[in-house]
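# Residue-level structure breakdown
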Amino acid sequence: MDILIVDDEPLSRSELSYLLKQNITVGKVMEADGIKEALSILLTHKIDLIFLDISLNEENGFTLAKELKQLVNPPLVIFATAYDKYAIQAFDINAIDYVLKPFEQTRVNQALKKANTALVNRNRSNKQDKDPSPQNKADFITLTADEKTAVIKTKDIISATVENGLLTVTTSSNHDFVSHETLSWIKGQLDPQKFMQVHRSAIVCLECIREIQPWFNHTFVLILTNNARIPVGRSFMKELKQRLNM
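These lines cover the structure that appears in this document, whether it is placed above or below. (Residues numbered from 1 in each chain as written. Predicted model: local features only at pLDDT ≥ 70, side-chain atom pairs only at ≥ 80, totals over all residues. Heavy atoms only, no water.)

The subject of this paragraph is the sheet that holds strand β7 (residues 97-100). Taken together, the 5 strands give an open sheet; going across it, the order is β2-β1-β3-β6-β7, and neighbouring strands pair in parallel fashion. This sheet does not close on itself; its edge strands, each paired only once, are β2 (29-32) and β7. Between one strand axis and the next, the sheet turns through 20° on average, direction left out of account. Where strand β1 (residues 3-6) and strand β3 (residues 49-52) come together, 4 bridges link them in parallel fashion. Bridging across to β3, Ile-3 finds its partner in Leu-49. Its contacts with the sheet put helix α1 (residues 10-21) on β1, β2, β3 and β6 (76-81), and the angle it makes with β2 is roughly 165°. (Pairing = 2+ DSSP bridges. Helix = DSSP H or I, 4+ residues; strand = E, 2+ residues; numbered from the N terminus. Axes fitted to C-alpha atoms, helices over the stretch in contact; angles between N-to-C directions. Contact = heavy atoms within 4.5 Å.)

Below, the structure is given as structure tokens:
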């Protein structure tokens, strides 16, 4: 989740930025000291969420919040201010939350959780609008190797990985099926609601993720139900967080 902080006080921006970066769901954190700079960032970067102060020198945060409605896919808004008297007005324009200064990690985390839930619901709704009647995927796939063809139930698949040009499909019975098929091929055979590509060489069943651990360069490693460890590529981090409601 990429975030923009809009606040005219540098110390306040710095404090909030630090707290946001302690949360594993947060990606980039950008800063603006006023409406003009904020709009410039919004036009050149994809921002998921704005933490918006109300008092911005001679400007008002509600002015920016109204401008956002003109965007095709506007970011969510959380007001972050020292004043509680604007709360009703904030929720009238569909703010996700209203966080008071001084900021606390627990309260910031609560607000981020609300935002994540809202983003997941919006993405799901957008996907359904684009594809209201998706094709049902097959209950079985077949893999051929050494002149033998294996019939595999898709509901039994835990992961699919590629190494040295060979595709390995691992099932819940801990059986590995090896084939010369590609990762893109099997991705097309599996239900995208249940399976996700998490690395350039790996696809996993989301229901088979048992644990998520921090990994190198602010990425994750997934521990699956069969104890396999699958790294998550940086380019797949954002979608994974959204899919898992992190």
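There is more to say, and it comes next.
With the rule as written, the count across this model stands at 1 aromatic pair. When the ring of Phe-62 is compared with that of Phe-79, the centres are 5.0 Å apart and the planes differ by 45°; the resulting orientation is tilted. Of the two residues, Phe-62 sits in helix α3 (residues 61-67) while Phe-79 sits in strand β6, which places them 17 residues apart along the sequence. You'll find Phe-62 and Phe-79 in the same group, each marked buried. (Phe/Tyr/Trp six-rings, centres within 6.5 Å; stacked < 30°, edge-to-face > 60°. Buried < 20%, exposed > 50% of the residue type's maximum accessible area, 1.4 Å probe, protein only.)

Another point: the pattern of salt bridges. With the rule as written, the count across this model stands at 10 salt bridges. A salt bridge links Lys-101 to Glu-9, with the shortest nitrogen-to-oxygen separation between them at 3.9 Å. Residue Lys-101 is located in the loop between β7 and α5 (105-130), and its partner Glu-9 is located in the loop between β1 and α1; the two are separated by 92 residues in the primary sequence. Lys-101 sits in the buried class, given a relative accessible area of 19%. A salt bridge links Lys-46 to Asp-48, with the nearest nitrogen and oxygen atoms 3.2 Å apart. It is possible to trace a salt-bridge network through shared partners that takes in Asp-7, Glu-9, Asp-53 and Lys-101. (Salt bridge = Lys/Arg side-chain N within 4 Å of Asp/Glu carboxyl O.)

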